[in-house]
Amino acid sequence: MPTIHSLCLNPTPLPSNFTPSSSQNAPRPLQRLPLPPPPDLPAHVKERILCLEIMGVDSGRAITRNPSLLSPSALDSIRSVVSFLRSKGIPDKDMPRIFGMCPAVLTSDVRSELAPVFRFLSEDLGVPERNHRVVVNKCPRLLVSSVRDQLRPALTYLRRLGFEDNEAMAYQDPVLLVSSVERTLQPKLQYLVGLGMTREEAVEMVLRCPGLFTFSIENNFKPKYQYLVDEMGGSLEDLKRFPQYFAFSLEKRIKPRWEMLVETGVNVTLNLMLKSTDEEFRELVFGGKEKHPHSSD
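Everything quoted here is computed from the prediction, not taken from an experiment.

How would you summarise the packing of aromatic side chains if you had to cite specific residues and measurements?
Under the definition given, this model contains 7 aromatic pairs. Seen in terms of ring centroids, Phe 163 and Phe 213 are 6.4 Å apart; in terms of plane orientation they differ by 40°. Their pairing is tilted. Residue Phe 163 is located in the loop between helix H8 (147-161) and helix H9 (166-171), and its partner Phe 213 is located in the loop between helix H11 (199-208) and helix H12 (217-230); the two are separated by 50 residues in the primary sequence. Classification of Phe 213 as buried rests on a relative accessible area of 1%. Consider the rings of Tyr 191 and Phe 221, whose centres lie 5.5 Å apart with planes at 10°: the pair is stacked. Residue Tyr 191 is found in helix H10 (residues 181-194), and its partner Phe 221 is found in helix H12; the two are separated by 30 residues along the sequence. Like Tyr 191, the residue Phe 221 is buried in the burial classification. Ring pairs connect the aromatic residues Tyr 191, Phe 215, Phe 221, Tyr 245 and Phe 246, which therefore count as one cluster.

Right under this line is the structure:
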């Protein structure tokens, strides 16, 4: 099988019958034969496109998001980045997804940008080197986040809130570390407080369900809260008991199941209504379990 080293870092001459690639799908596997660039492009542009395609990265999307890939030094940068990631236990097969999600990684400076991220994982989060691959694959955006300006401020804020489990932070919720404190974390916590609960109650909710920090206020919190209150007759107490409510799809889970409960006249707790499998939910509904949907467990 062709490798990144043999085909991208030391590219071969381009065939004369190359045609454009039109795929806009997700990053492709390394073993896929690359689709070539248009023949009328400058030679250095063709070279970059071929390099990205060989690595399984959508060249059009990557270059659009990171125009620096067309710079004269881009190939040297790619070579350094690939070599460095390999040294950190990231295999070639992981790189199409990482580079596809974060094309900026390809032109990152190894010493000043990438190396500090891996030190942060080891020193601040206590992640063993053998597990760096796991964390990076969970959240590739870590590689394009400044330790000084983004990762460490986010970690400090989260710890002050009460997030003390470094393993959970690294392996389950690393996306929180790449979230802006000022633009993302604080506004979402403040929204919950604005619903009428205390700050302590809102903090307890996000500690129980860290995913709350990843949900959109306009597209998630507001419509789901409105449906809970207006259609289901719920309250803030329901959210305090079951903050995971916001993690379920309004159209595919919450509405259909609530409508079925209303239609059948069956009452179940909010968490059972949403957390149960389809089979379990049917048993709850047609088995006639008599529980109020907003009562405590």
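Back to the write-up after that little detour.
Tell me about the pattern of salt bridges, residues and numbers included.
Scanning the model with the defined rule gives 12 salt bridges in all. The partner of Asp 238 in a salt bridge is Arg 241, with the nearest N and O atoms 3.1 Å apart. In this pair, Asp 238 and Arg 241 both sit in helix H13 (residues 236-241), 3 residues apart, roughly one turn of the helix. Relative accessible area serves as the criterion here: at 35%, Arg 241 is assigned to the partly exposed category. In this structure, Arg 257 engages Asp 278 in a salt bridge whose closest nitrogen and oxygen atoms are separated by 2.8 Å. Here Arg 257 is found in helix H14 (residues 250-264), whereas its partner Asp 278 is found in helix H16 (residues 278-286), with 21 residues between them in sequence. Through salt bridges with shared partners, one network takes in Glu 201, Glu 237 and Lys 240.

Give a detailed account of the packing of helix H4 (residues 74-87) against helix H6 (residues 110-123), specifying residues and quantitative values.
At their nearest, the axes of H4 and H6 sit 11 Å apart, and the two run at 20° to each other. Our classification of the angle between H4 and H6 gives roughly parallel. As H4 runs across H6, the sense of the crossing is right-handed. Listed contacts from H6 to Ser 80, Val 81, Phe 84 and Leu 85 of H4 are Val 110, Leu 114, Ala 115 and Phe 118.

Run through the environment of Met 232, naming residues and quoting values.
For Met 232, the position within the fold is in the loop between H12 and H13. A relative accessible area of 4% means that Met 232 is categorised as buried. Spatially, the C-alpha atoms of Met 232 and Ile 254 are 9.9 Å apart, while their sequence positions differ by 22 residues.

Would you mind going over the nonpolar core in detail, with residue names and values included?
Within the largest apolar cluster, 87 residues are counted, with the highest numbers of intra-cluster contacts made by Phe 99, Leu 192, Tyr 245, Phe 246 and Met 273. Excluding anything up to four places from it in sequence, Phe 246 contacts Leu 192, Met 205, Leu 212, Phe 215, Asn 220, Phe 221, Lys 224, Tyr 225 and Leu 239.

Parameters and conventions
- Residues numbered from 1 in each chain as written.
- Predicted model: local features only at pLDDT ≥ 70, side-chain atom pairs only at ≥ 80, totals over all residues.
- Heavy atoms only, no water.
- Phe/Tyr/Trp six-rings, centres within 6.5 Å; stacked < 30°, edge-to-face > 60°.
- Helix = DSSP H or I, 4+ residues; strand = E, 2+ residues; numbered from the N terminus.
- Buried < 20%, exposed > 50% of the residue type's maximum accessible area, 1.4 Å probe, protein only.
- Salt bridge = Lys/Arg side-chain N within 4 Å of Asp/Glu carboxyl O.
- Axes fitted to C-alpha atoms, helices over the stretch in contact; angles between N-to-C directions.
- Parallel < 35°, antiparallel > 145°, perpendicular 65-115°, else oblique.
- Left-handed = near helix turned anticlockwise from the far one by under 90°.
- Contact = heavy atoms within 4.5 Å.
- Core = buried A, V, L, I, M, F, W, Y, C linked by side-chain atoms within 4.5 Å.

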